[in-house]
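The primary structure of each chain is shown beneath.
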Amino acid sequence: MKFGADIRSLRSIFALALVLLAPAAVLATQQTVQVEPSRTQPEQNRDTVAASPLDSVPASQTSPPEQVSSTPPPSKPAPTKPTPKPRKKGAVDALKPGQFVWVTQAVYEGPMKIVIVLDIQRIYVFQNDKLIGFSTISSGKKGKETPTGFFNILQKNVDHKSNLYSDAPMPFMQRLTWDGIAMHGGYLPGYPASHGCIRLPLPFAKALFGVTRINQEVFVLQDTSTPVKRPEPKPVVDPTLAPTVPPVETTSTQEAPVSKAIDNYPPAPSA
């Protein structure tokens, strides 16, 4: 009887132990379930962050491509051209309108050359390659420009009057063309103002008139960078060696044109 009572008491103790231990086991299970998500959450976050493409690229490469390409490379400074040295002005540049320089020579012998430069309104006189005179001029105005080229003095007249421009005086005239271009004394305002002639200061025109000869060479240049080429001389044919041409008979009743011989120079047209 006592043994059975002991067994029943043991069962009661065992049942009581089960009742006491069951809530602790359930609570431990619940805590385990709650702890698992909290323990694994950082791992999921780390996986998510590691999978981000921005964290796998350096910070210097995360800017948009257009921002990098929009910055132009530094341009090299353009090379600067050396500034030309100013040309030293001489006596010719210092002349005012109407002024001139003429160096009187004891004897005027040797080749003479006359050069006229239109863009700077100057005339130069050389003898034996030596500058003996230079002066300001006034050439043809716009619409009546002085022609450029190689000329010869065709005619000289101390007191010439123009038949084209109301008998305008042209003292110490030296004709260059038969259509009205000449060198002569006249008014010099400091710019081109004539009808094509080359006006000179009156004393300079007189001095030049006294030393030139017919067929004297005169070069008229637009500027010094465009020189005028001297025309080639025409070949001289000996009339005794020229082949004779037999006369040709003609039955035409029309009169043949008659050519007029010129003794010295053709009559000077209106200038």
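Note: the structure precedes this text.
Residues numbered from 1 in each chain as written. Predicted model: local features only at pLDDT ≥ 70, side-chain atom pairs only at ≥ 80, totals over all residues. Heavy atoms only, no water.

Another aspect to go through is the layout of surface pockets. Its volume calculated, the second largest pocket comes out at about 160 Å³. A class-by-class count of the residues in the lining of the second largest pocket yields 3 nonpolar, 5 polar and 3 charged. (1 Å grid on protein atoms, 1.4 Å probe; cavity = no way out; pocket = protein on both sides within 12 Å on 5 of 7 lines; lining within 4 Å. Points joined across faces, edges and corners; volume = space filled by probe spheres on them. Nonpolar A, V, L, I, M, F, W, Y, C, P; charged D, E, K, R; others polar.)

Now for the environment of Q155. As for its placement among the helices and strands, Q155 is situated in strand β6 (residues 155-161). Sequence-wise, Q155 and T177 are 22 residues apart; in three dimensions their C-alpha atoms are separated by 9.0 Å. (Helix = DSSP H or I, 4+ residues; strand = E, 2+ residues; numbered from the N terminus.)

Backbone geometry places Q121, a non-glycine residue, at a positive phi of 55°. By the secondary structure assignment, Q121 is in the loop between β2 (112-117) and β3 (122-127). The exposure class of Q121 is buried, given its relative accessible area of 7%. Within the chain, N128 stands out as a residue other than glycine whose phi angle is a positive 55°. With respect to the helices and strands, N128 occurs in the loop between β3 and β4 (130-136). (Buried < 20%, exposed > 50% of the residue type's maximum accessible area, 1.4 Å probe, protein only.)

What follows deals with the nonpolar core. Counting 24 residues, the largest nonpolar core has I116, I123, M183, I198, L200, L208 and V218 as its most contacted members. Taken together, the elements giving at least two residues each to this core come down to β2, β3, β9 (198-200), α3 (202-211) and β10 (217-221). With 5 residues, α3 is the single largest residue contributor to this core. Among residues more than four places away in sequence, those in contact with L208 are W102, I114, I123, V125, Q174, M183 and L200. (Core = buried A, V, L, I, M, F, W, Y, C linked by side-chain atoms within 4.5 Å. Contact = heavy atoms within 4.5 Å.)

As a further point, take the pairing of strand β8 (residues 182-185). By the alternation rule, side chains of β8 split into A182 and H184 and M183 and G185, which are all buried. Direction of pairing for strand β7 (residues 169-175) relative to β8: antiparallel, over a ladder of 2 bridges. Paired with Q174 across the two strands is M183, which belongs to β8. Counting the residues between successive antiparallel strands, the hairpin from β7 to β8 contains 6 residues, one of them, G180, with a positive phi of roughly 110°. As defined by bridge partners, β8 adjoins β9 across 3 bridges and the pair is classed as parallel. (Pairing = 2+ DSSP bridges.)

It is worth spelling out the side chain of Q174 at this point. By the secondary structure assignment, Q174 is in strand β7. Given a relative accessible area of 1%, Q174 falls into the buried group. One polar contact links Q174 to T212, side chain to side chain, over a distance of 2.4 Å. With sequence-adjacent residues up to four places away left out, Q174 is seen in contact with I153, Q155, K156, A182, M183, L208, F209 and T212. (Polar contact = N/O pair within 3.5 Å; in protein donor to acceptor, adjacent residues only side chain to side chain.)

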